[in-house]
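These are the residues of each chain, in order.
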Amino acid sequence: MRPNPIPPKPGQESVWDYPRPPRLEDTDSHIQVIFNGVTIADTRRAERVLETSHPPTYYIPPEDIQQDYLIPSPRTTFCEWKGQGTYYHLAVGNRRIDNVAWYYPDPTPAFASLKGYVAFYAAPMDACYVNGEKVQPQPGQFYGGWITSNIVGPFKGIPGSAGW
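First, a word on what this report is: a plain description of the structure on this page. Nothing here was measured: the structure is a model prediction, and the numbers come from that model.

## Here we look at the nonpolar core
Phase 1: Grouped together as the largest cluster of nonpolar side chains are 36 residues, with contacts concentrated most on Val33, Phe120 and Trp146.
Phase 2: If you look at the next biggest cluster of nonpolar residues, it comprises seven residues, including Val15, Trp16, Ile151 and Phe155.

## Re the sheet that holds strand 2 (residues 23-27)
Phase 1: Judged by pairing direction, the sheet is antiparallel, and its three strands sit side by side in the order 2-5-6 without closing on themselves. Bordering the open sheet on either side are strand 2 and strand 6 (54-59), each of which pairs with just one other strand. Within the sheet, the average angular offset between the axes of one strand and its neighbour, ignoring direction, is 30 degrees.
Phase 2: Where strand 2 meets strand 5 (residues 46-51), five bridges bridge the pair, whose relative direction is antiparallel. Bridged to Asp26 within strand 5 is Glu47.

## What about the sheet that holds strand 3 (residues 31-35)?
Phase 1: Read across the sheet, four strands follow the order 4-3-11-12 without closing on themselves; strand pairing throughout is antiparallel. Only two strands of the sheet have a single partner each, and these edge strands are strand 4 (38-43) and strand 12 (133-134).
Phase 2: In this structure, strand 3 lies alongside strand 4, joined through five bridges in antiparallel fashion. Across the sheet, Gln32 pairs through a bridge with Asp42, a residue of strand 4.

## What about the packing of aromatic side chains?
Phase 1: One pass over the full model with this rule turns up eight aromatic pairs.
Phase 2: Geometrically, the ring pair formed by Tyr58 and Trp146 is tilted, given 5.4 Å between the ring centres and 40 degrees between the ring planes. Separated by 88 residues along the polypeptide, Tyr58 in strand 6 and Trp146 in strand 14 (residues 146-147) bring together distant segments of the chain.
Phase 3: Since its relative accessible area comes to 1%, Trp146 is described here as buried.
Phase 4: Residue placement shows Arg75 over the ring face of Tyr87; its charged tip is 4.4 Å from the ring centre.
Phase 5: When the ring centre of Phe111 is taken as reference, the NZ or CZ atom of Lys82 above it lies at 5.8 Å.

## With respect to the pattern of salt bridges
Phase 1: Here the structure, examined in full by the defined rule, presents nine salt bridges.
Phase 2: Taken together, the shared-partner salt bridges connect Glu13, Arg23, Glu25 and Arg48 into one network.

## Focus on the environment of Asp68
Phase 1: Here Asp68 is to be found in the loop between strand 6 and strand 7 (70-79).
Phase 2: When the C-alpha positions of Asp68 and Glu51 are compared, they lie 31 Å apart, and in sequence the two are 17 residues distant.

What counts as what
Residues numbered from 1 in each chain as written. Predicted model: local features only at pLDDT ≥ 70, side-chain atom pairs only at ≥ 80, totals over all residues. Heavy atoms only, no water. Core = buried A, V, L, I, M, F, W, Y, C linked by side-chain atoms within 4.5 Å. Buried < 20%, exposed > 50% of the residue type's maximum accessible area, 1.4 Å probe, protein only. Pairing = 2+ DSSP bridges. Helix = DSSP H or I, 4+ residues; strand = E, 2+ residues; numbered from the N terminus. Axes fitted to C-alpha atoms, helices over the stretch in contact; angles between N-to-C directions. Phe/Tyr/Trp six-rings, centres within 6.5 Å; stacked < 30°, edge-to-face > 60°. Lys NZ or Arg CZ within 6 Å of the ring centre and 35° of its normal. Salt bridge = Lys/Arg side-chain N within 4 Å of Asp/Glu carboxyl O.

Here it is as structure tokens:
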């Protein structure tokens with residue numbers, strides 16, 4: 001059952017206008033990830049994945065990430081579109097979060113440009129920003145989309161959305 005999409009206002013995007021299978025696109029938006037007072041990632045060279053019912057997921061080039069704070073995790077998952085994902089833990093000072101970031105070491109051909117790029121869950125961070133706006137995390141414990149004021153839903157991950 002498809003929900004009633006919120007009509008986008010000028011300058012907004014509806015997640016219900018995003019495609020399935022998802023689309024990958026370059027973005028020059030200013031993306032920042034901050035944890036335990038440290039800027040972990042800062043880029044204007046991210047890629048974003050747009051998929052029906054999901055807010056964008058931002059993937060950051062590894063050279064724009066403070067790699068010293070990432071710890072490889074044994075966790076893996078599988079995406080039917082992107083392939084096998086591998087996770088990182090994040091540790092800064094006395095704080096650590098397990099399985100908070102993921103990447104695709106060998107993505108499918110359609111998502112080949114994502115190879116090695118890293119996405120972060122927003123909820124456990126001090127803050128994640130898109131063009132200076134603090135994002136809200138996508139609802140649910142599995143999804144990694146970032147919600148900003150120019151993105152409207154409803155979003156996959158809210159109660160009752162499992163069948164979308």
